[in-house]
Amino acid sequence: MPDAGQAWAEPAQASGGQPAVSTANLPSPPSAAAEPTDPALLEPPPRLPTAVFAFEAAGVDPDLSQRLEDEMVAALRGHRRLALLDLRDVLDPVDPGLVALSQVQEMLEQARGLIESKRAAQADKILEQAVAILQRELGHVGRPEDVGETLREALGLQASAAFVQGDRPRALDLLQAIYNVNRRLRWVSRLFPESMKDFVEEARTRLLHAPRGGLVLGSTPGGAHIYLGGVKVGQGKVVQDSLPVGPHYVTWVRRYRRPLTSRVLVLANQSVELTPALSRYGADDPIARLEGAEALVGKSDMPLPFIEAAKALRAELLVLLRPQKQDSGSLRVSAYLYDGRLRTLRKQASQSINLQHPERDMPRLAAALLERVQLDAPMEAVAQAGTPPPAPRSNLQPQGKTRWFWPVFGVVFGAVVAAAATDIAVREVRR
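Since the model is a prediction, treat every value here as computed from it, not as a measurement.

Cut-offs applied
- Residues numbered from 1 in each chain as written.
- Predicted model: local features only at pLDDT ≥ 70, side-chain atom pairs only at ≥ 80, totals over all residues.
- Heavy atoms only, no water.
- Helix = DSSP H or I, 4+ residues; strand = E, 2+ residues; numbered from the N terminus.
- Buried < 20%, exposed > 50% of the residue type's maximum accessible area, 1.4 Å probe, protein only.
- Contact = heavy atoms within 4.5 Å.
- Phe/Tyr/Trp six-rings, centres within 6.5 Å; stacked < 30°, edge-to-face > 60°.
- Pairing = 2+ DSSP bridges.
- Axes fitted to C-alpha atoms, helices over the stretch in contact; angles between N-to-C directions.
- Parallel < 35°, antiparallel > 145°, perpendicular 65-115°, else oblique.
- Left-handed = near helix turned anticlockwise from the far one by under 90°.
- Expected span 1.5 Å × (residues − 1).
- Polar contact = N/O pair within 3.5 Å; in protein donor to acceptor, adjacent residues only side chain to side chain.
- Core = buried A, V, L, I, M, F, W, Y, C linked by side-chain atoms within 4.5 Å.
- Salt bridge = Lys/Arg side-chain N within 4 Å of Asp/Glu carboxyl O.

J.: What is the right way to look at the overall build of the chain in this model?
T.: On a plain count of helices and strands, the chain comes out with 12 helices and 14 strands. For the chain, buried positions account for 45% of its 431 residues. Taking as baseline every contact in the chain between residues at least 6 positions apart, the subset at least 24 positions apart corresponds to 62%.

Shown next as structure tokens:
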């Protein structure tokens, strides 16, 4: 009897003295173990980058479209095959703004040292750059109020530099700007030299009794959030009365438009009206492509503007939301799932959304949109057609070069030849 640990059985003798080898019950040698062919044991495919965009309905607050968009992203985030993109981070990342603020703080410390060492002219040049950066970044960070306080500090150091150089009129104008940011002005050693204490007190008394003026603020397109000195004062059209005269910093922030900050002069006993046009994010702004092609939503072949927008966003799937009708506190929203890999509309669904609690209804719309949709459909198309689908115009890596493409292709193609149905199992992932 062979040893219990023996891997191979002894061959039987056939007629003619030649061994007759039966392979029916022979185990494979350990060194020749077959590769696993169960798709469930393969590495899971990468998640599909997915962008969600909500069109704006005429006469509806643009923030409502943003909320619908956010709620759809939240509803889809738990899906194990999707990697949700935040379009705001793609178009206007917050991190560079925060890095710029860190650089500004270093510039302010450098300027402070120069003022103390009687090199105010050099400090002034650095402070001009710092104020320009702050003005540019006021609307690009999550808390404009924080930028407003940093701006106030930079203006204070500028006033000190002007005072040290003997330019008192300019120093007074800068103290006026400091006061206008948040209606506070007092001497502090961190901003002003000891010799400036009486000048600051005189300026404060003068500013408290100065004439007042007003601002009427809007935007094109409308619906922007409006900040004064980094503090939000309203949305859409804003009227500000009894403002101190002199320079004020006004910031406009609107979804998918470049934030804008302007230094505005308030004149005594006058009301200045400003309605600036808020620009796009460059000539190839993907949101502009989507908005310009809204009439094409619902076409079975993915329209070229949608393909180009998905490419710019580095998204393989595009979910478009279109509010259609508002009635008694609800909004009818249609959702469209476009697949940039196949350049086709995979599914559409509609749902009545409660305006007060869209978070209750959006999960149902998300579920209906993905119901019975096989997100690995391009692989199925390859196996059935025998030729790959047209390559999307994208910067993404071709599927044939990904590390899991050929193992899965072999399994799926072999399953088709053998007429056996195989489901590709994927593990749960999150963004």
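J.: Quick question: what am I supposed to make of the packing of aromatic side chains here?
T.: The geometry of an aromatic ring pair is captured by the separation of the ring centres together with the interplanar angle, meaning the angle of the planes. Within this structure, the stated rule accounts for four aromatic pairs. Their ring planes at 45° and their centres at 5.9 Å tell us that Phe53 and Tyr256 sit as a pair that is tilted. Here Phe53 is found in strand β3 (residues 48-54), whereas its partner Tyr256 is found in the loop between β9 (246-253) and β10 (260-266), with 203 residues between them in sequence. Judged by relative accessible area, Phe53 falls into the buried class, the value being 0%.

J.: Is there a simple way to think about the environment of Gln158 in this case?
T.: In this fold, Gln158 is placed in helix α5 (residues 144-164). Expressed as a C-alpha distance, the spacing of Gln158 and Leu191, which sit 33 residues apart in the sequence, is 9.0 Å. With residues near it in sequence (within four places) discarded, Gln158 still touches Asp124, Leu127, Glu128, Val131, Arg170 and Leu174.

J.: Can you walk me through the sheet that holds strand β14 (residues 344-354) in this structure?
T.: In a beta sheet, neighbouring strands are held together by backbone hydrogen bonds and run either parallel or antiparallel to one another. An order of β4-β3-β12-β13-β14 is seen for the five strands of this open sheet, with the pairing classed as mixed. Both outer strands of the open sheet, β4 (82-84) and β14, are each paired with one neighbouring strand and no more. In this sheet, neighbouring strand axes are inclined to one another by 25° on average, regardless of whether the strands run parallel or antiparallel. One ladder, built from five bridges, connects β3 with strand β12 (residues 317-327); its direction is parallel. Looking at the pairing, Ala51 lines up with Leu318 of β12.

J.: It is not clear to me how the packing of α5 against helix α6 (residues 168-182) should be interpreted in this structure. Could you clarify?
T.: The interhelical angle for the contact between α5 and α6, taken along N-to-C directions, is 165°, at an axis separation of 8 Å. In this view, α5 runs roughly antiparallel relative to α6, as classed from their interaxial angle. Considering only the axes of α5 and α6, their crossing is left-handed. Between α5 and α6, the residues in contact are Gly148, Glu149, Arg152, Leu155, Gly156, Gln158, Ala159, Ala162 and Phe163 and Arg168, Arg170, Ala171, Leu174, Leu175, Ala177, Ile178, Val181 and Asn182, respectively.

J.: Just checking my understanding: could you explain unusual backbone geometry for this structure?
T.: Residues apart from glycine generally show negative phi values, whereas peptide bonds are mostly found in trans. With omega at -5°, the peptide bond leading from Thr220 into Pro221 counts as cis. Here Pro221 lies in the loop between β5 (212-217) and β6 (225-228). Non-glycine residue Asn269 carries a positive phi angle of around 60°. Structurally, Asn269 is set in the loop between β10 and β11 (271-274). Judged by its relative accessible area of 70%, Asn269 is exposed. Of note in this structure, Arg343 is not a glycine but carries a positive phi near 55°.

J.: Looking at this model, I keep getting lost on the sheet that holds β11. Mind explaining?
T.: The strand order across the open sheet formed by three strands is β8-β5-β11, and the pairing between neighbours is mixed. The outermost strands of the open sheet, each flanked by one partner alone, are β8 (238-244) and β11. On average, each strand axis in the sheet is inclined to that of its neighbour by 20°, with strand direction left out of account. When β5 meets β11, the two strands line up parallel, connected through four bridges. From the neighbouring strand, Gly214 faces β11, where its bridge partner is Ser271.

J.: Help me understand α6 in this model?
T.: Along an α-helix, residues three or four positions apart point the same way, because every turn accommodates 3.6 residues. Relative to the 21 Å expected for 15 residues at 1.5 Å per residue, α6 spans 22 Å between its end C-alpha atoms, a close match to the ideal helical length. Within the span of α6, buried status applies to Ala171, Leu172, Leu174, Leu175, Gln176, Ala177, Ile178, Tyr179, Asn180 and Val181. The inward-facing, buried residues of α6 contact α5, α7 (197-208), β5, β6, β8 and β9. For α6, the capping residue at the N-terminal end is Asp167, with a side-chain oxygen 3.3 Å from the backbone nitrogen of Arg170.

J.: Which parts of the structure should I look at to understand the side chain of Ser334?
T.: Take Ser334: it is sitting in strand β13 (residues 330-339). Among the polar contacts made by the side chain of Ser334, one reaches the side chain of Ser350 at a distance of 2.9 Å. Sequence-distant contacts of Ser334, defined by excluding residues within four places in its chain, comprise Leu320, Leu321, Arg322, Gln324, Ala349 and Ser350.

J.: Would you mind going over the nonpolar core with me for this structure?
T.: General note: in soluble globular proteins, nonpolar side chains tend to be found buried as a group. With 44 residues, the main nonpolar core has Leu155, Leu175, Leu185, Phe192 and Met196 as its most contacted residues. Of all the secondary structure elements, the ones that give two or more residues to this core are α3 (94-116), α4 (120-137), α5, α6 and α7. Here the element with the most residues in this core is α5; it accounts for nine residues. Setting aside chain neighbours within four positions, we find Leu185 in contact with Arg152, Leu175, Ile178, Tyr179, Val200, Ala203, Arg204 and Leu207. Core analysis: the next-biggest nonpolar cluster, separate from the first, contains 29 residues, Leu68, Val73, Leu337 and Ile353 among them.

J.: Can you help me understand the pattern of salt bridges in this one?
T.: Close approach of charged atoms allows side chains of opposite charge to pair. Evaluation of the coordinates by the stated rule reveals 23 salt bridges. A salt bridge links Arg112 to Glu153; its shortest N-O distance comes to 2.8 Å. With a gap of 41 residues between them, Arg112 in helix α3 and Glu153 in helix α5 connect regions that are remote in the sequence. Comparing Arg112 with Glu153, the two get one shared label, buried. Linking Glu201 and Arg204 is a salt bridge whose minimum nitrogen-to-oxygen distance equals 2.9 Å.

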